[in-house]
Every structure is written in C-alpha cells, then in structure tokens.
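Understanding the architecture of this molecule
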Amino acid sequence: MTDTDKDRVVIFDTTLRDGEQSPGATMTHAEKLEIAGLLDEMGVDIIEAGFPIASDGDFNAVSEIAKNSQNSVICGLARANFKDIDRCWEAVQHAKRPRIHTFIGTSPLHRAIPNLTQDEMADKIHDTVSHARNLCDNVQWSPMDATRTEWDYLARVVEIAIKAGATTINIPDTVGYTAPVESADLIRRLIEEVPGADEVVFATHCHNDLGMATANALAAVAGGARQIECTINGLGERAGNTALEEVVMAMKVRSDIMPFYTEIDATKLMHISRRVATVSGFNVQFNKAIVGKNAFAHESGIHQDGMLKNAETFEIMRPEDVGLTETNIVMGKHSGRAALRSKLSDLGIELADNQLNDVFVRFKELADRKKEVFDDDLIALVTAGENAEEDRLILKSLRVVCGTSGQAEAEMVMTIDGVEKTAAEQGDGPVDATFKAVRELHPNTAHLSLYQVHAVTEGTDAQATVSVRLEEDGNIATGQSADTDTVVASAKAYINALNRLLVRRDKVGQDQREISYKDVS
Ligand code: KIV
Ligand code: ZN
C-alpha cells in the first residue's frame, strides 16, 4: 500500500439495498439498473445492489446489475445462513468483481431474537463467513447494531470473522445511536486491539436517527475506517443513512483537516440525486446539504451583494463542482433535437436515441404551452418520465369542470391492460373528482398517505411536479409526474403509484415473501 492509498476512502453505496428498504422507496427493475449504471459511472467503488434471497425480483436485479457492471464491485446482502449466502453468490458471481456481504445482529437485543448464546453466535459467525469465503474471495462481514454490542464480545466476533476470511469488517450504527467521538474511538480501538485487524479494511455504516450520520462516518474515517457506506440523498429506513454527496464533498472541501480522498466524480452528484429522488419518490428537502434546491441559492441582499463581488464570500464550493448549472431560459418551441441533446448533456443527462425522441416530443408539447422552458423544466420532463413498459393503467384523456361552490366534475379515459374505459365523477375540487374517476375505473383499497405538489419554476405557467404515495396491505408505492396542469400531473402521479403498487402486489404474490432482516434462521 502506498502512502496515498492509505488516504483513499472507498465509497460503498447502498441506495439500492438499505435505501430501497425505506418504506415507499421501492424501485422498478429498470430503475434499479439505471441507478446502478449511474453509480458505476460516477466512480462508486462498491454497489450494494440488493438482498438476493428476499425475492426473485431482488435476485434478478442483483444478477443483472452484476452482469452489466463495469468498474464497481457488485455486492449482495445475505443473513448468517448458508441458504442466503448461496443465493447471494448465485446473483453476484456474474460481476467482474463480486462481493458477498453477510451480517448478524450481535448486540444483546439482537442476540435475543434467534435466542443464541454468545458462544453459539460466535460459531455461527465462523461457519457462515468461512462458507462465504469459500465461494468468493471478497467477503464483507457486519455485526449489526455494533455500536450497542458489548466491547469484549464485539472484539471477539470481529477477530473470528477476520480469521474466517472476511476481507472487510463493517461496523454498523444500525439505530443511529452513536456520536462522532465514540464512532472514531470504536474503530481506532478495534484496529489497535483486534489481532489481524491490519489485514482488513474497516467500514462505517451510520444511520441518521440523531442527525449525526455524516459526522459519525467522517469521525470513523479519522479513527481509521477506509470504507464509508452511504446512500444518495441519505435515502434509507427511518431518518436514512449517511448521504454520499455529503461525505464526498466534506472530504473535498475540508481536505485541510480531513486529508482523505475518494474516486467519485462529484460533477455527477446533482443528476444522480435527482434521478434517485424521482424513482424513489422521496423528494430532496430544499435546504438539504449539497443537492438541495436552495443549497446554492443566495436570497438575502447582503449575500447577493457579496456574491456579485466575490463568489467565495458566501460559497465554499462552486455549484458546477457538484454538477449544478445556472437556471436560465434554454429553449423555445423552435429549438431542435440536437439543441435539446446538447442542453441535456450540459445538465449531465445523456439519453439513448429512443429516450431522446420521447423527451423531444414531450418538450415540444411543453414549449407549445409554456413561453420559456428553463433548465429545471427540462430536468422535470426527463426525470418525471412517462409510462413505463410494464404499466397496466394509462391515462388517455382528462377533462375537468370546476364549479364556484367547490364541486368539480372529472371525465376520464384510461386504458387498463389495453382496454379503453371511461368514467365521470364529481368531487370536492378538481383533484378529488379526478382521483374518484381513477378509483371508479380501477377500484382499489389503497390509502393515499401522501399528496404533494411543487412548482418547478416560477410563474403561472410553471410546471408542477406531483408526488402521490399509496399504501395497500402493507405495500407502499410512490408515483410522480410533472405537467403545467396540476390536475393532469396529479392524475398521472396517482396512476403511476397504482401501476407500481400492481407490480409490487404481483411480486409479493409470486414470491410469497417479506423476509425480515431479523430472521436469521
Ligand atoms: O444498519 C445495518 O445494520 C445494516 C446491516 C444489514 C449492515 O444495514
Ligand atoms: Zn443499515
């Protein structure tokens, strides 16, 4: 290892596993492949592509991501049993560089679930890590809830995992309980005291329940960890995981006190953040560090004055460093396909010819309705997408009449599995009438748990992006759409969520599963 290698921090992205596990963040097969491609292109070292034993859908996604991988190591998750590990290997073995990640909960609370004594669990760790290592030469082991595991036991099981052949030891703060000073100390002590620790890479995996995930991950690096596990936009269960964009930019901007580096191409951060927000249905909060809409906005007079004189007055990084270009008027209805391609490319969006054709048609429709098409409009057009191939419900037309008393009537035409159907419904306002028409055409018991509208740009002709989250029998799905007409965007987002729910329902029906991480049999 050279001196510079010692300062290199490996980025392990788990958007497609820990991120996708977040209720409502389910992605389709095609979306998972797309995100994996973007992560690989951005320079992510290891992509945790899923949990292959969980379902045939997860297995197929991990195998296909493995087959398509270019530079990234492709990793799958497996609980501490041979069946999980074998299935994981079956999926990741196609990758140029595969990895098996196996884990077990080691804290007293987690040990109580399978009702194992410390010795029984230690044997299980030895057997399962050895088994994984016999299949693959790149094995990661995690003691889940490590930060609440007794020190002596944690040190003991880490040593066992290293002796059994683990090449990376990941120390998860599963419930987001630890604090930066403890995070650094724990890694430092493990490296100093566990025999064989200098032979492996230590990783940090932090959850954000107390808002300290980024600080804890960086502290762990200061303590000697050289792999950070993170997700795009900090996506993940509960308060999420460490945000990839935050740790990458923190190490870049503050290399004076954190002399570490990653191989991430930060100019791709903005685009991937938007794609993950769209496909997961989890919008990025406006004031989110690095990728939030306001992260580089300077509203107050004092700030604007300072910025005009010298951008460094209030800016510690340049917007273009993270792939953000200025929002300006880009094109109108006379702009051609080549101009659209070139503009999208400036925005970090590269499309295949057939995708460009589809976006071009929608761009022309938008330009007819909207005088000025801004960068953000184009981004919404591309990211909100249109119908996916597997969609069974497709909106054909919608006509809404609003009365002055609040009552509205919606007339809708939709195709369901290729058959055209029409409905007319009344409701309290246009959105209510529209959603009732959808339910009339496709009766369902899904509960609407989120309905959110955002204006993409300013002005009365601005496009609206709408997010709709539905819950039915424990399945959650989020749909999004953008249109200059808020009611049309609402209808499309609702139908989009229903389509996803149908995919999810079919998947669960096929697999008869919902495997729990706690089931370590
Ligand atoms: O948070 C956690 O402990 C995990 C493990 C499966 C690594 O995600
Ligand atoms: Zn986790």
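Located above this text is the structure these notes cover.
Conventions used here
- Residues numbered from 1 in each chain as written.
- Chains lettered and ligands numbered in written order.
- Predicted model: local features only at pLDDT ≥ 70, side-chain atom pairs only at ≥ 80, totals over all residues.
- Heavy atoms only, no water.
- Pairing = 2+ DSSP bridges.
- Helix = DSSP H or I, 4+ residues; strand = E, 2+ residues; numbered from the N terminus.
- Axes fitted to C-alpha atoms, helices over the stretch in contact; angles between N-to-C directions.
- Contact = heavy atoms within 4.5 Å.
- Donors = N, O, S within 2.8 Å, 3.2 Å for Na, K, Ca; no water.
- Buried < 20%, exposed > 50% of the residue type's maximum accessible area, 1.4 Å probe, protein only.
- Salt bridge = Lys/Arg side-chain N within 4 Å of Asp/Glu carboxyl O.
- Near = heavy atom within 4 Å.
- Polar contact = N/O pair within 3.5 Å; in protein donor to acceptor, adjacent residues only side chain to side chain.
- Areas by Shrake-Rupley, 256 points an atom, 1.4 Å probe, with all protein chains shown as cover.
- Nonpolar A, V, L, I, M, F, W, Y, C, P; charged D, E, K, R; others polar.
- Patch = residues over 30% accessible without salt bridge, like charges linked within 9 Å, V, L, I, M, F, W, Y side chains within 5 Å.
- Expected span 1.5 Å × (residues − 1).
- Core = buried A, V, L, I, M, F, W, Y, C linked by side-chain atoms within 4.5 Å.
- Parallel < 35°, antiparallel > 145°, perpendicular 65-115°, else oblique.
- Left-handed = near helix turned anticlockwise from the far one by under 90°.

Some words on the sheet that holds strand β6 (residues 168-173)
Taken together, the 8 strands give a closed barrel; going around it, the order is β1-β2-β3-β4-β5-β6-β7-β8, and neighbouring strands pair in parallel fashion. Going from strand to strand, the sheet's axes swing by 25° on average, the running direction of each strand aside. Inspection of the sheet shows strand β7 (residues 201-206) paired to strand β8 (residues 227-230) by 3 bridges, in the parallel sense. In the sheet register, A203 faces β8, and the bridge partner there is Q227. Across the sheet, helix α9 (residues 180-193) touches β6 and β7, and the angle it forms with β7 is around 155°.

Here we look at the coordination of the zinc ion (ligand 2)
Taken together, the protein donors to the zinc ion (ligand 2) comprise D18 (OD), H205 (NE2) and H207 (NE2), at separations of 2.0 to 2.1 Å. For the zinc ion (ligand 2), the single-chain donor residues occur in sequence as D-x186-H-x1-H. A relative accessible area of 5% means that H205 is categorised as buried.

With respect to the pattern of salt bridges
Note on pairing: side chains with opposite charge can pair once their charged atoms come close. What the rule picks out here adds up to 28 salt bridges. Two residues, R275 and E34, come together in a salt bridge whose shortest N-O distance is 2.7 Å. In this pair, R275 is assigned in helix α12 (residues 269-280) and E34 in helix α3 (residues 29-42), connecting sequence segments 241 residues apart. A salt bridge links D119 to R156; the shortest N-O distance between them is 2.9 Å. Residue D119 is found in helix α7 (residues 118-135), and its partner R156 is found in helix α8 (residues 151-163); the two are separated by 37 residues along the sequence. Residue R156 is classed as partly exposed on the basis of its relative accessible area of 32%. Among the charged side chains, a network of salt bridges with common partners joins R17, D18 and E48.

Remarks on the site of ligand 1
Close contacts around ligand 1 come from R17, D18, H101, F103, S142, M144, P172, T174, H205 and H207, and that covers them all. Interatomic distance of 3.1 Å between a side-chain N/O atom of D18 and an oxygen atom of ligand 1. One of the side-chain N or O atoms of T174 is found 2.6 Å from an oxygen atom in ligand 1. In the complex, the protein chains occlude 97% of the 260 Å² of accessible area that ligand 1 would expose alone. Elements with a contribution of two residues or more to the shell around ligand 1: α2 (15-19), β4 (98-105) and β5 (139-144). Grouping the amino acids of the shell around ligand 1 by side-chain chemistry returns 3 nonpolar, 5 polar and 2 charged.

Thoughts on helix α11 (residues 244-253)
The buried count for α11 comes to 8 of 10 residues, which makes it a mostly enclosed element. All buried positions along α11 are accounted for by L244, E245, E246, V247, V248, M249, A250 and M251. The inward-facing, buried residues of α11 abut β1 (10-13), α3, α10 (213-222), β8 and α12.

A few points about a nonpolar patch on the surface
Together, L448, Y451 and V453 make up a nonpolar patch on the protein surface, roughly 230 Å² of accessible area in all. Of note, L448 is situated in strand β14 (residues 447-455).

Considering the environment of I495
Tracing the backbone shows I495 in helix α18 (residues 486-511). For I495, a relative accessible area of 2% corresponds to the buried category. Sequence separation between I495 and A289 is 206 residues; the distance between their C-alpha atoms is 32 Å. Those residues within four positions of I495 in sequence are excluded, and the remaining contacts are L393, L395, M414 and V438.

Section: helix α17 (residues 430-441)
Taking 1.5 Å of rise per residue, the 12 residues of α17 would be expected to cover 16 Å, and the 17 Å separating its terminal C-alpha atoms lies within 8% of that figure. Residues of α17 that are buried: A433, T434, F435, A437, V438 and L441.

Thoughts on the nonpolar core
One finds W141, V158 and I169 to be the most contacted residues of the largest nonpolar core, which totals 88 residues. A per-element tally of this core places α8 first, with 9 residues. M412, L470, A493 and L502 belong to the second-largest nonpolar core, a separate cluster that totals 30 residues.

Things to note about unusual backbone geometry
In this structure, D145 takes a positive phi of about 65° despite not being glycine. By the element assignment, D145 lies in the loop between β5 and α8. D145 sits in the buried class, given a relative accessible area of 0%. One non-glycine residue, I290, lies in the positive phi region at around 70°.

Regarding the pairing of strand β16 (residues 475-483)
Among the 9 residues that make up β16, 9 are buried, leaving the element largely enclosed by the rest of the structure. Burial along β16 is two-sided: the residues N475, A477, G479, S481 and D483 and I476, T478, Q480 and A482 are all buried. Relative to β16, strand β15 (residues 464-472) runs antiparallel, the two being bridged by 9 bridges. By the bridge assignment for β16, S467 is matched with Q480. The turn linking β15 back onto β16 is made up of 2 residues, and D473 within it adopts a positive phi angle of 50°.

A look at the packing of helix α14 (residues 337-346) against helix α15 (residues 353-369)
Helices that pack against each other are described as a pair by the angle of their axes relative to one another and the distance between those axes. Where α14 meets α15, the closest approach of the two axes is 10 Å, and the angle between their N-to-C directions is 105°. Between α14 and α15, the interaxial angle falls into the category roughly perpendicular. Touching R337, L340, R341 and L344 of α14 are D353, L356, N357, V359, F360 and F363, all from α15. Grouping the amino acids of the contact of α14 with α15 by side-chain chemistry returns 6 nonpolar, 1 polar and 3 charged.

A closer look at the packing of α8 against α9
As a packed pair, α8 and α9 sit with axes 11 Å apart at the nearest point and diverge in direction by 55°. By the angle class used here, α8 and α9 are oblique. Two packed elements cross with a definite hand, and for α8 against α9 that hand is right-handed. Across the interface between the two elements, W151, L154, A155 and V158 from α8 touch L186, R189, L190 and E193 from α9. When its residues are assigned to classes, the contact of α8 with α9 shows 6 nonpolar, no polar and 2 charged.

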